[in-house]
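# Architecture at a glance
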Amino acid sequence: MQEQTSTATHPKQKREPKPTTFIDAFVDFSFKRLFATEESKPILIGLLNHLFKGRKYITEIEYGKNEFPGEIAQEGGAVFDVYCTDVNGSKFIIEVQRGNQEYFKERALFYVSRAISEQAPKGDRKGWAYKLTEVYLLAFLEDFNLPDSPKSEYVQDICLANRHTGIIFYDKVGFIFIEMLNFVKGSDELYTELDKWLYALKHLTEFKQRPEYLSGPEFDQLFTLANYASLTPEERDMYNSSLKRKWDNKNVLDYAVKTAEQKAREEERARMALKLLAKETPTDEIAELTGLTIEEIEML
């Protein structure tokens with residue numbers, strides 16, 4: 001899902017990315033290069049098959065338009081990172097989300113509903129009879145977790161099911177959220193092919209060369225496309241601009257978090273000082289206990 005852009009940074013928080021052998025998979029340019037080009041089809045097909053674990057087996061995909069405007073001008077549209085269809089007509093929306101948003105779940109539902117509503121014919125719908133093809137949203141969550149999701153699990157597979165029996169109500173729509181913060185396996189703990197894929201994507205910028213334990217045709221293609229040296233000058237400019245936006249946003253977020261934490265500590269010290277003042281504790285003792293100055297205490 002799309003990056004938020006910002007130019008505001010704090011000088012003490014500013015950090016610049018260092019050059020790496022392989023590109024960061026979770027910036028806009030890289031994500032589309034690794035998952036939304038003709039050369040990257042084997043990568044995406046392999047990843048999807050590992051995620052569906054036999055429930056589906058995908059042999060071929062075709063990329064489609066990723067922009068879905070509203071039916072009327074006043075109605076909001078949707079822009080997907082990657083949108084494709086397999087030979088059976090199943091639709092896949094593949095997204096990367098770097099930071100949490102207030103209505104993230106609602107946005108995911110809106111995206112899927114757009115891909116569903118687009119299937120309706122524009123004319124007479126009697127012959128269509130609401131025969132829908134499958135729609136799945138696959139989202140990489142880079143720097144946040146879903147609320148209340150188990151920290152021991154890194155793939156959240158969501159479907160429509162009966163709340164009481166657990167029986168699946170409708171199996172042609174689903175959400176797969178990959179929480180990269182929860183994926184903490186080391187290189188000696190990669191027991192499945194999916195583990196290898198997630199490890200490769202998460203640690204791509206840390207590799208000086210492709211590790212031997214990440215072998216096979218799909219990984220050949222991944223590391224070929226991810227090699228910074230293979231980019232054209234124009235592609236390098238696009239990648240570096242995309243990476244800079246990510247780091248700028250990270251700097252702004254880090255500074256906002258630090259400022260909020262500092263404000264919370266100051267408010268806690270002020271509350272403590274007020275309680276001590278109510279007990280007629282000497283001002284110098286309050287200053288020693290809270291870290292506030294005499295002047296700050298007298299202003300409370």
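Since the structure is predicted, the reported quantities are computational estimates derived from the model, not experimental observations.

## Digging into the overall build of the protein
- When you go through the protein residue by residue, the secondary structure sums to eight helices and eight strands.
- The buried share among the 300 residues of the protein stands at 40%.
- Restricting the contact set of the protein to residue pairs at least 6 apart, pairs at least 24 apart contribute 61%.
- About 17700 Å² of surface is accessible on the protein, with carbon and sulfur atoms providing 53% of the total.

## A few points about the pairing of strand E4 (residues 82-86)
- Counting buried positions along E4 gives five out of five residues, so the element sits mostly inside the fold.
- For strand E1 (residues 61-63) and E4, the ladder comprises three bridges, and the chain directions are antiparallel. Looking at E4, one finds that tyrosine 63 is bridged to cysteine 84.
- Bridge count between E4 and strand E5 (residues 91-97): four bridges; the pairing is antiparallel. Within E5, the position partnered with tyrosine 83 by the bridge is isoleucine 93.
- Linking two consecutive strands that pair antiparallel, namely E4 and E5, is a turn of four residues; a positive phi of about 90° is found at glycine 89 within it.

## Considering the packing of aromatic side chains
- Considering all chains together, one arrives at 21 aromatic pairs under this definition.
- For the pair phenylalanine 80 and tyrosine 111, a centre-to-centre distance of 5.0 Å together with 55° between the ring planes defines the contact as tilted. A residue pair is termed long-range when its members are at least 10 positions apart, and phenylalanine 80 in the loop between strand E3 (78-79) and E4 and tyrosine 111 in helix H3 (residues 104-117) qualify at 31 residues. Tyrosine 111 carries the same exposure label as phenylalanine 80, and that label is buried.
- Arranged with centres 5.9 Å apart and planes meeting at 50°, the rings of phenylalanine 207 and phenylalanine 223 form a pair that is tilted. Taken together, the residues phenylalanine 207 in the loop between helix H4 (193-202) and helix H5 (217-226) and phenylalanine 223 in helix H5 connect sequence positions 16 residues apart.
- Within the aromatic cluster, the residues linked to one another by ring pairs are Phe22, Tyr199, Phe207, Tyr213 and Phe223.

## Focus on the environment of asparagine 240
- Along the chain, asparagine 240 falls in helix H6 (residues 233-278).
- Here the alpha-carbon distance between asparagine 240 and valine 27, two residues 213 residues apart in the chain, equals 9.7 Å.

## Notes on a nonpolar patch on the surface
- Nonpolar side chains collect at one region of the surface, where Leu274, Leu277 and Leu300 lie side by side and expose about 240 Å² of accessible area between them.
- Owing to a relative accessible area of 31%, leucine 277 belongs among the partly exposed residues under this scheme.

## A short note on the confidence of the model for the protein
- Per-residue pLDDT for the protein averages 84, and the proportion of residues at 70 or more is 87%.
- The low-confidence segment residues 1-13 (pLDDT under 50) makes 35 contacts with residues lying over four places distant or belonging to another chain.

## Looking at the environment of leucine 160
- Tracing the sequence through the fold places leucine 160 in strand E7 (residues 155-161).
- Considering only alpha carbons, one finds leucine 160 and valine 173, 13 residues apart in sequence, at a separation of 7.5 Å.
- Not counting chain neighbours up to four residues away, the residues in contact with leucine 160 comprise Ile168, Phe169, Tyr170 and Val173.

What counts, and at which threshold
Residues numbered from 1 in each chain as written. Predicted model: local features only at pLDDT ≥ 70, side-chain atom pairs only at ≥ 80, totals over all residues. Heavy atoms only, no water. Helix = DSSP H or I, 4+ residues; strand = E, 2+ residues; numbered from the N terminus. Buried < 20%, exposed > 50% of the residue type's maximum accessible area, 1.4 Å probe, protein only. Contact = heavy atoms within 4.5 Å. Areas by Shrake-Rupley, 256 points an atom, 1.4 Å probe, with all protein chains shown as cover. Pairing = 2+ DSSP bridges. Phe/Tyr/Trp six-rings, centres within 6.5 Å; stacked < 30°, edge-to-face > 60°. Patch = residues over 30% accessible without salt bridge, like charges linked within 9 Å, V, L, I, M, F, W, Y side chains within 5 Å. Salt bridge = Lys/Arg side-chain N within 4 Å of Asp/Glu carboxyl O. pLDDT = per-residue confidence, 0-100.

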